[in-house]
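One-letter residues, chain by chain:
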Protein chains: 2
Amino acid sequence: MDTRSTILAAAEPLFDRHGYTATGMDRLTAAAGLSSRTLYKHAGSKAALMAAVLAEREGRFMQRIEVASVDALFAALDDWVREEGSRGCLFLRTQGETGGDTPEIAAVVTAHKQAFRARIAEIVAAELGGSGDASLAEQILVLFEGATAAAVYRGPAAVAAARAAAATLVAGARR
Amino acid sequence: MDTRSTILAAAEPLFDRHGYTATGMDRLTAAAGLSSRTLYKHAGSKAALMAAVLAEREGRFMQRIEVASVDALFAALDDWVREEGSRGCLFLRTQGETGGDTPEIAAVVTAHKQAFRARIAEIVAAELGGSGDASLAEQILVLFEGATAAAVYRGPAAVAAARAAAATLVAGARR
DNA sequence: CCCAATGTAAAACGATCGTTTTACATTTCA
DNA sequence: TGAAATGTAAAACGATCGTTTTACATTGGG
């Protein structure tokens, strides 16, 4: 594994579990097994490192939701939550921590949410056929975000509830 | 207004907009117009101050959702978002920032979410009559959390979508 | 065989962190 | 009126923040 991947793999769980601001560079360098100078050479800055972690996470996440149905979308979230735990959306948490004041972070968050929303619209369109239903897509988006957020304190039950609700809404939109 | 209220009123928007960790005590004292010693006398510590802010916020929030129908619940959220803006649930954001490692904060977050969930169960029970529908209540909870989270980047449209979805689910549960 | 270049470790940078202490007004009561 | 007490402002605390610099190995080419 190359240095950059080592850095990102070490940084992601730290940022995820302790937050962006509360995670110091010394903890990041220790986890990566590198000197701070090496880490800065590859990452540029703490904000850039966070942005890179988010970009890598987006790739992994978007791959997970390459599905063809709404039910499969929530099944994928169920898998994600069971494998990675549920501490809420890292993108939104980081955006909240920085107040949107860190351009590199704000940019990757905005890009991710845009791509995420487009992906859901595609899935809904595939499910319903035709041009798709914009308001149903927004409802599915809200259910997905809600499952992610509520899973923090409700666990997988929140995902199950969202999945059932989505099924009802899709069935309603079909007829 | 007494000193404690002054402190909380000054601290809440700072924590809300810049996050818990990124908001320094000097900014808090400056906003409250007090010396750090006075602030510490009344608040105890930064974590205790954050916990007090959350406790006060819970009172305000829970008062807002003293409603008798699911639709009124989302109408209340719509008001909240338009008046206070949408930066996501402060309780979950703070819990995320601290990783659950700050007992005073974790306690107030847990208590709030428990009360919040109970309140939704009551509303659903009032709407449906009888003992209530546990799985519908969980779905409404997820929609509420989802609207709160998605409103960060979708604005009031997320609340509207959640409201419409909730209406569909409630109507389905009625028959 | 030496020199330039590359990569790392670790010390050091000023700044700021949350918190405590010191110093000084003002007030309260005997 | 004088002494104890209260409340505040501001300096100072050690610790840690993100980042840069210094010092030192190791390596590749002329």
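Residues numbered from 1 in each chain as written. Chains lettered and ligands numbered in written order. Predicted model: local features only at pLDDT ≥ 70, side-chain atom pairs only at ≥ 80, totals over all residues. Heavy atoms only, no water.

**Topic: the protein's contact with DNA strand C**
Residue and element names in this part refer to chain B.
Piece 1. Around DNA strand C sit 13 residues, and of these Met25, Ser36, Arg37, Tyr40 and Lys46 come closest.
Piece 2. Sugar plus phosphate, as a fraction of atoms of DNA strand C within 4 Å of the protein: 49%.
Piece 3. Asp26 is positioned such that a nitrogen or oxygen atom in its side chain is 3.1 Å from a phosphate oxygen of DNA strand C.
Piece 4. Between DNA strand C and Ser36 there is a distance of 2.8 Å, counted from a base oxygen to a side-chain nitrogen or oxygen.
Piece 5. Looking at the surface near DNA strand C residue by residue, the class counts come to three nonpolar, six polar and four charged. (Near = heavy atom within 4 Å. Polar contact = N/O pair within 3.5 Å; in protein donor to acceptor, adjacent residues only side chain to side chain. Nonpolar A, V, L, I, M, F, W, Y, C, P; charged D, E, K, R; others polar.)

**What about the UniProt feature "DNA-binding region" (unreviewed entry) in chain A?**
Piece 1. In the numbering adopted here, UniProt assigns the feature "DNA-binding region" (unreviewed entry) to residues 24–43 of chain A.
Piece 2. Secondary structure content for residues 24–43 of chain A is 80% helix and 0% strand, and the end C-alpha separation is 14 Å. (UniProt positions renumbered as here; feature names shortened; annotations may be inferred. Helix = DSSP H or I, 4+ residues; strand = E, 2+ residues; numbered from the N terminus.)

**Some points on the pattern of salt bridges**
Residues and elements named next belong to chain A.
Piece 1. Applying the stated criterion to the full structure yields 28 salt bridges over all chains.
Piece 2. For Arg117, the salt bridge is made with Glu138, and the minimal N-O distance between the two is 3.8 Å. On the criterion of sequence distance, the pair formed by Arg117 in helix α7 (residues 103–128) and Glu138 in helix α8 (residues 134–154) is long-range, its members being 21 residues apart.
Piece 3. One network of salt bridges, with partners in common, ties together Glu12, Glu56, Arg57, Arg60 and Glu84. (Salt bridge = Lys/Arg side-chain N within 4 Å of Asp/Glu carboxyl O.)

**Side note on the interface of chain B and chain A**
Piece 1. Opposite the 35 residues of chain B that make contact, chain A presents 35 residues.
Piece 2. Interface area for chain B against chain A, summed over the two sides, is near 2700 Å², with a carbon-plus-sulfur share of 69%.
Piece 3. When the buried area of chain B at its contact with chain A is split by residue, Val142, Tyr153 and Arg154 of chain B rank highest and sum to 21% of it.
Piece 4. Remark: the boundary between chain B and chain A carries two salt bridges. (Contact = heavy atoms within 4.5 Å. Buried area = accessible area lost by both parts, 1.4 Å probe.)

**Focus on the layout of surface pockets**
Piece 1. Of the volumes computed, that of the largest pocket is approximately 640 Å³.
Piece 2. The wall of the largest pocket is formed by 38 residues, among which Cys89, Leu92 and Arg93 of chain A together with Ala149 and Val152 of chain B lie closest to the centre.
Piece 3. Of all the secondary structure elements, the ones that give two or more residues to the lining of the largest pocket are α1 (3–18), α6 (90–98), α7 and α8 of chain A together with α1 (3–18), α6 (90–98) and α8 (134–154) of chain B.
Piece 4. Element by element, the count of residues in the lining of the largest pocket is highest for α8 of chain B, at six residues.
Piece 5. A per-class count over the lining of the largest pocket returns ten nonpolar, 15 polar and 13 charged.
Piece 6. Each pocket or cavity is described by its volume, and for the second largest pocket that value is around 150 Å³.
Piece 7. Lining the second largest pocket are Val152, Tyr153 and Arg154 of chain A together with Leu92, Gln95, Val109, Thr110, Lys113, Gln114 and Arg117 of chain B. (1 Å grid on protein atoms, 1.4 Å probe; cavity = no way out; pocket = protein on both sides within 12 Å on 5 of 7 lines; lining within 4 Å. Points joined across faces, edges and corners; volume = space filled by probe spheres on them.)

**Here's the deal with the protein's contact with DNA strand D**
All names here are of chain A.
Piece 1. Met25, Ser36, Arg37, Tyr40 and Lys46 are the nearest of the 13 residues found near DNA strand D.
Piece 2. Sugar and phosphate atoms form 49% of the subset of DNA strand D atoms that lie within 4 Å of the protein.
Piece 3. One of the side-chain N or O atoms of Arg37 is found 2.4 Å from a base oxygen in DNA strand D.
Piece 4. Taking Tyr40, its side chain carries an N or O atom lying 2.6 Å from a phosphate oxygen of DNA strand D.

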